[in-house]
Amino acid sequence: MNTVIFACVHNAGRSQMAAAFFNALVDPARARAVSAGTQPGERVHPEVQAAMAEVGVDLSGARPQRLTDELAQGAQWLITMGCGDACPYVPGLKREDWPLEDPKGKPVERVREIRDDVRARVMAFLEHEGWTRRAGREDGVRSV
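Rules behind the numbers
- Residues numbered from 1 in each chain as written.
- Predicted model: local features only at pLDDT ≥ 70, side-chain atom pairs only at ≥ 80, totals over all residues.
- Heavy atoms only, no water.
- Helix = DSSP H or I, 4+ residues; strand = E, 2+ residues; numbered from the N terminus.
- Rg over C-alpha atoms; globule rule 2.2 N^0.38 Å.
- Buried < 20%, exposed > 50% of the residue type's maximum accessible area, 1.4 Å probe, protein only.
- Contact = heavy atoms within 4.5 Å.
- Pairing = 2+ DSSP bridges.
- Axes fitted to C-alpha atoms, helices over the stretch in contact; angles between N-to-C directions.
- Arc of directions from axis to C-beta.
- Salt bridge = Lys/Arg side-chain N within 4 Å of Asp/Glu carboxyl O.

A. View of the overall build of the protein. Regarding its fold elements, the protein presents four helices and four strands. When the helices and strands of the protein are read in sequence order from the N terminus, they spell out β-α-β-α-α-β-β-α. Relative to the 2.2 N^0.38 estimate, which gives 15 Å for 144 residues, the radius of gyration of the protein is 14 Å and therefore close to what a compact globule would have. With the C-alpha coordinates of the protein rotated into their principal frame, the extents come out at 35 × 35 × 25 Å. Across the 144 residues in the protein, those meeting the buried criterion constitute 46%. Summarising the internal contacts of the protein: among those between residues at least 6 apart in sequence, 69% fall at separations of at least 24.

What follows is the structure, encoded as structure tokens:
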């Protein structure tokens, strides 16, 4: 099983969106995603929960978590969310950085743009790795 870690500092916005889209769009027999942060917040940002709910993704039960050695064990990829020098590094993992704006406190229109950018990046990553769902499988994610 391939494991991808989406990470940012607070694990309350971009990385939560990315992991949720990844797990909704991936062929579950090929890969899975987790999200984590170096300094996890107390909850997922409400504006992120609202924007994701608009496309049928429920983050109400998601909780920020710390990126630990145990969590990273067995993972193949670490995708960071544009957090600059504060981005985590895990030796031995393939790494990509997606330069994404933090949605915290942004107007809903901007959060939607960030959400849609995250989804497009996740879809491109899945296609590149060959991990997309087989045709005919419903992912439960609506387009807006």
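Let's pick the thread back up.
B. Highlighting the sheet that holds strand β4 (residues 94-97). Sheet architecture is open: four strands sit in the order β2-β1-β3-β4, paired in parallel fashion. Across the chains shown, the open sheet's two edge strands, defined by having one partner strand only, are β2 (31-37) and β4. Between one strand axis and the next, the sheet turns through 20° on average, direction left out of account. By the bridge criterion, four bridges tie strand β1 (residues 2-8) to strand β3 (residues 77-80) in an arrangement that is parallel. Residue pairing in the sheet places A7 in a bridge with T80 of β3. Sitting on the sheet, helix α1 (residues 14-25) touches β1 and β2, and the angle it makes with β2 is about 170°. Against the sheet, helix α4 (residues 108-129) makes contact with β1, β3 and β4, and its axis sits at roughly 155° relative to β3, the strand it touches most.

C. Structural context of helix α2 (residues 46-53). The set of residues buried in α2 consists of E47, V48, A51 and M52. Angular distribution of buried residues about the axis of α2 spans 130°; they occupy a single face of the element.

D. Layout of the pattern of salt bridges. If you walk through the whole model with that rule in mind, you get seven salt bridges. With its nearest N and O atoms 3.0 Å apart, the salt bridge here joins R115 to E54. Taken together, the residues R115 in helix α4 and E54 in the loop between α2 and α3 (69-72) connect sequence positions 61 residues apart. Linking E101 and R110 is a salt bridge whose minimum nitrogen-to-oxygen distance equals 2.6 Å. Take E101: its relative accessible area is 32%, and that puts it in the partly exposed class. Through salt bridges with shared partners, a single network forms among E54, R112, R115 and D116.

Interpretation note: all reported values are geometric properties and have no functional meaning in isolation.
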